[in-house]
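So the chains spell out like this:
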Amino acid sequence: AEFLAKVGIPQETTIIELEDYHANSKLDPAVWARTVAHSQAKGYRFRHWEVGNEVYMLSLASSGKAGHAFSTPDDYIRHFNAVAQAIRRVQPDARIGLSVTPDSLKWGNYLLKACSGNYDFVCPHWYGYMIDQDFEATVLGENHAKLYEIRRWNALLAAASPDRRAVQYDSEWGLHQHPADGKPADTEIRNGNTFGVLYRAVRLLYYA
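Here is what the cut-offs are and how they apply
- Throughout this document, residue positions are counted from 1 along each chain, in the order its sequence is written.
- The predicted origin of the model limits local features to residues at a pLDDT of at least 70 and limits the giving and counting of side-chain atom pairs to 80 or more, whereas totals for whole chains, interfaces and linings rest on all residues.
- Heavy atoms from the whole structure form the basis of all side-chain values; hydrogens and water molecules are not counted.
- Here a strand is any run of E in DSSP of at least two residues, a helix any run of H or I of at least four, and the numbering for each starts at the N terminus.
- Contact between two residues is taken to exist if any of their heavy atoms lie within 4.5 Å; hydrogens are not considered.
- A strand pair is defined by DSSP finding two or more bridges across the two strands.
- Axis definition: a line fitted to C-alpha atoms, limited for helices to the stretch in contact. Angles are taken between N-to-C directions and run from 0 to 180 degrees.
- Multiplying 1.5 Å by the helix residue count minus one yields the expected span of that helix.
- Burial here depends on accessible area, computed with a 1.4 Å probe over protein chains only, as a share of the maximum for the residue type. Under 20% is buried, over 50% is exposed, and the range in between is partly exposed.
- Directions are taken from the helix axis to each C-beta atom, and the arc is the one they span.
- Counted as a polar contact is a pair of N or O atoms within 3.5 Å, where, for protein atoms, one must be capable of donating a hydrogen and the other of accepting one, and residues adjacent in sequence contribute only when both atoms are in side chains.

*Asks:* So what exactly am I meant to see when it comes to the side chain of K146 here?
*Replies:* Residue position: K146 is located in helix α6 (residues 135-160). Once you skip the residues sitting within four places of it in the chain, K146 turns out to touch W126, Y127, G128, Y199 and R203.

*Asks:* Explanation requested: the sheet that holds strand β1 (residues 15-16) in the structure shown.
*Replies:* For sheets, the rule is that strands pair by backbone hydrogen bonds, running either parallel or antiparallel. The sheet built from five strands is open, its strands ordered β1-β2-β3-β4-β6 with parallel pairing. Both outer strands of the open sheet, β1 and β6 (167-168), are each paired with one neighbouring strand and no more. Sheet strands in contact with helix α2 (residues 29-41) are β1 and β2 (48-51), and its direction is about 160° off that of β2. Here helix α4 (residues 73-90) sits on the sheet and contacts β2 and β3 (95-99); the angle it forms with β3, its principal contact strand, is near 170°.

*Asks:* When you look at helix α7 (residues 194-207) in this model, what are you seeing that I'm missing?
*Replies:* Because an α-helix completes one turn every 3.6 residues, residues spaced three or four positions apart along the sequence face the same direction. Spanning 14 residues, α7 covers 20 Å between terminal C-alpha atoms, matching the ideal 20 Å at 1.5 Å per step. Buried within α7 we find F195, G196, Y199, V202 and R203. For α7, the angular spread of buried residues about the axis comes to 125°, placing them on one side. For α7, the exposed residues set more than 90 degrees away from the buried face come down to T194 and L205. In this fold, the buried residues of α7 make contact with β5 (127-128), α6 and β7 (174-175). For α7, the N-terminal cap is N193; the gap from its side-chain oxygen to the backbone nitrogen of F195 is 2.9 Å.

This is the structure we're talking about:
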């Protein structure tokens, strides 16, 4: 809260996520409820709560280092719905976030339907994965392709949760190229230099 005040970011629009970033452990719904109650008692204005981060990684990633708290989508569904209900009992106007990925029917469409009515926003992480492509194809073309997918997902959200208007509020996105030598994306210079900055700028224009 102090950091947000220093940099001028509203608490009302800031996403709070309490659980293990790698989704290898989870918190009891009562812990979530106590945290929300504490936030209110302190006079904070937080209301966006994202339940889990990339909870699908055990099923979809090759490393096997993340996602052990949720071996199946149904594990996450039970946890998410319980946490959402616990939060709303303390903060009825809370906005609850669902961790999803468009790359999987089970961890995407299936979650949207199974958790319908309990989420207010979803976090699909629309990273751009471009390898050895030129500037125009990446900064303009790949962003346009992502926007097309994002608009399709808006239609899915409207169909899956007609009684509670849900939106996409992406907590992670950007250029995420992987170097040809197989090293992590963090070592690819284009993700962070002017190339990557312009990629993000164009994405923000498309979002707007």
